[in-house]
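Structural overview for review
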Amino acid sequence: MTYILNPWPWYISGPLIAIVMALLLYFGKTFGMSSNLRTMCTMMGADKFSSFFKFNWKDQSWNLTVVAGAIIGGFIATHYLSNDSISALNPTTVTELQHMGFENAGAALVPSEMYDMEAITSPKGLLLLIIGGLLVGFGTRYAGGCTSGHAITGLSSLQKPSLIAVIGFFIGGLIMTNFILPLIF
């Protein structure tokens with residue numbers, strides 16, 4: 001159980017991801033969460049309101065197993081296959097987060113100042129969720145896919161647009177972390 005409960009090292013999880021990607025490429029499938037959400041929206045009738053959703057969703061219905069697997073797998077992993085270990089943060093990061101108002105930085109998996117019910121139901125929390133959701137949704141469509149689609153499927157199939165998108169994701173993450181997050185908190 002020790003091997004299952006602890007985080008898996010790169011030399012185990014990396015090859016497992018590579019095997020899954022090889023199988024997806026062999027069968028002509030792609031991986032990405034935003035395409036799964038598009039399939040779900042089309043199933044629920046979004047094609048009546050936007051031409052973006054007009055496609056044969058039944059050809060993509062296998063993607064719904066990815067969504068179900070992410071939900072079920074996440075639940076099982078956090079409730080039954082977790083040893084409640086916390087990621088070790090760099091002491092400099094902990095100090096910077098504490099200066100921004102995160103009292104227990106590094107003490108929990110995610111900071112309660114951002115993720116507990118009180119934080120997300122506050123006016124500031126709701127505004128951050130709405131604006132962040134709109135920006136992520138717009139960015140996903142503008143980039144032609146999400147981070148998992150570009151970084152896992154796109155890079156493994158050597159697509160230049162995915163390389164450019166992933167570089168953009170990293171630049172955006174650096175800008176958010178170093179410039180925008182300190183302004184918000």
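Described in the following lines is the structure provided in the data block. None of the values given here were measured: they were computed from a predicted structure.

**A short note on the overall build of the protein**
Assigned secondary structure in the protein consists of 10 helices and zero strands. Shown N-terminal to C-terminal, the secondary structure of the protein runs as helices and strands in the order α-α-α-α-α-α-α-α-α-α. Each principal axis of the C-alpha distribution contributes one length, and for the protein these read about 50 × 45 × 35 Å. A total of 185 residues make up the protein; the buried ones form 17% of that total. For the protein, the share of sequence-separated contacts (at least 6 apart) that also reach a separation of at least 24 residues comes to 50%. Summing over all exposed atoms, the protein offers an accessible surface of approximately 13500 Å²; the carbon and sulfur share of this is 71%. Within the protein, one finds 8 positive and 8 negative side-chain charges whose respective centroids are separated by 24 Å.

**Comments concerning the packing of aromatic side chains**
Counted according to the given criterion, the structure contains six aromatic pairs. Between the aromatic rings of Trp10 and Tyr11, the centroid separation amounts to 5.6 Å while the plane-to-plane angle is 85°, which identifies the pairing as edge-to-face. A relative accessible area of 52% means that Tyr11 is categorised as exposed. Above the plane of the ring of Phe52 lies Arg38, whose end atom (NZ or CZ) is 4.3 Å from the centre.

**Some thoughts on the side chain of Thr153**
With respect to the helices, strands and loops of the structure, Thr153 is situated in helix α9 (residues 147–156). Note on Thr153: relative accessible area 5%, which makes it buried. With sequence-adjacent residues up to four places away left out, Thr153 is seen in contact with Met21, Thr30, Phe31 and Ser148.

**Remarks on the packing of helix α2 (residues 10–26) against α9**
Direction vectors running N to C along α2 and α9 enclose 65°, while the axes themselves pass 10 Å from each other. In terms of orientation, α2 and α9 fall into the roughly perpendicular class. Judged by the twist between their axes, the crossing of α2 over α9 is right-handed. Here Ile17, Met21 and Leu25 of α2 lie close against α9, whose contacting residues are Ile152, Thr153 and Ser156. Across the contact of α2 with α9, the residue classes tally to four nonpolar, two polar and no charged.

**Examining the nonpolar core**
Membership of the largest hydrophobic core is limited to six residues, which are Val94, Leu97, Met100, Phe102, Ala105 and Leu181. Sequence-distant contacts of Ala105, that is, excluding residues within four places in its chain, are made with Leu89, Val94, Leu97 and Gln98.

**Observations regarding helix α3 (residues 33–43)**
Of the positions making up α3, those classed as buried are Ser34, Asn36, Thr39 and Thr42. Structurally, α3 contributes buried residues whose contacts are with α4 (63–79) and α8 (123–142). Just downstream of α3 lies Gly45, where phi reads positive at about 100°.

**Structural notes on unusual backbone geometry**
Even without glycine at this site, Leu158 takes up a positive phi of about 60°. Its place among the elements puts Leu158 in the loop between α9 and α10 (160–184).

**Section: the packing of α9 against α10**
Following both chains from N to C, one finds α9 and α10 inclined at 135°, their axes separated by 9 Å at the closest point. Between α9 and α10, the crossing angle belongs to the class labelled oblique. You can see that α9 and α10 cross each other, and the crossing is left-handed. Between α9, through Thr147, His150, Ala151, Gly154 and Leu155, and α10, the contact on the second element is made entirely by Ser162, Leu163, Ala165, Val166 and Phe169. Its residues assigned to classes, the contact of α9 with α10 comprises six nonpolar, four polar and no charged.

Thresholds applied
- Each chain has its residues counted from 1, running along the sequence as written.
- Given that the model is predicted, a residue must reach a pLDDT of at least 70 before its local features are reported, and side-chain atom pairs must reach 80 or more before they are shown or counted; all residues, however, enter totals for whole chains, interfaces and linings.
- Calculation of side-chain values draws on the structure's entire complement of heavy atoms; hydrogens and water are dropped beforehand.
- Put simply, DSSP H or I for four residues or longer makes a helix, DSSP E for two residues or longer makes a strand, and each gets a number counted from the N terminus.
- Only protein chains enter the area calculation, which uses a 1.4 Å probe; residues under 20% of their type maximum are buried, those over 50% are exposed, and those in between are partly exposed.
- Contact criterion: two residues are considered in contact whenever any of their non-hydrogen atoms come within 4.5 Å of each other.
- Computed with a 1.4 Å probe, the accessible areas rest on the Shrake-Rupley method; for each residue, only the protein chains presented here act as cover.
- Counted as positive: Lys and Arg. Counted as negative: Asp and Glu, with His and the chain ends omitted from the count.
- Where a charge lies is defined by one atom per residue type: Lys uses NZ, Arg uses CZ, Asp uses CG and Glu uses CD.
- Each pair of aromatic rings taken from Phe, Tyr and Trp, with Trp reduced to its six-membered ring, is defined by centres within 6.5 Å and is described as stacked if the planes are under 30 degrees apart, edge-to-face if over 60, and tilted in the remaining cases.
- Consider the ring centre and the ring normal. A charge sits over the ring if Lys NZ or Arg CZ is within 6 Å of that centre and within 35 degrees of that normal.
- With axes taken as lines fitted to C-alpha atoms, and helix axes fitted only over the stretch in contact, angles between N-to-C directions fall between 0 and 180 degrees.
- Here is the rule for angles: anything less than 35 degrees is roughly parallel, anything more than 145 is roughly antiparallel, 65 through 115 is roughly perpendicular, and the remaining ranges are oblique.
- With the far helix as reference, a near helix turned anticlockwise by less than a right angle produces a left-handed crossing, and one turned clockwise produces a right-handed crossing.
- Note that Gly is not counted as nonpolar here; it falls among the polar residues with everything else outside the nonpolar set of Ala, Val, Leu, Ile, Met, Phe, Trp, Tyr, Cys and Pro and the charged set of Asp, Glu, Lys and Arg.
- The term nonpolar core refers to a set of buried residues drawn from Ala, Val, Leu, Ile, Met, Phe, Trp, Tyr and Cys, joined through side-chain atoms within 4.5 Å.

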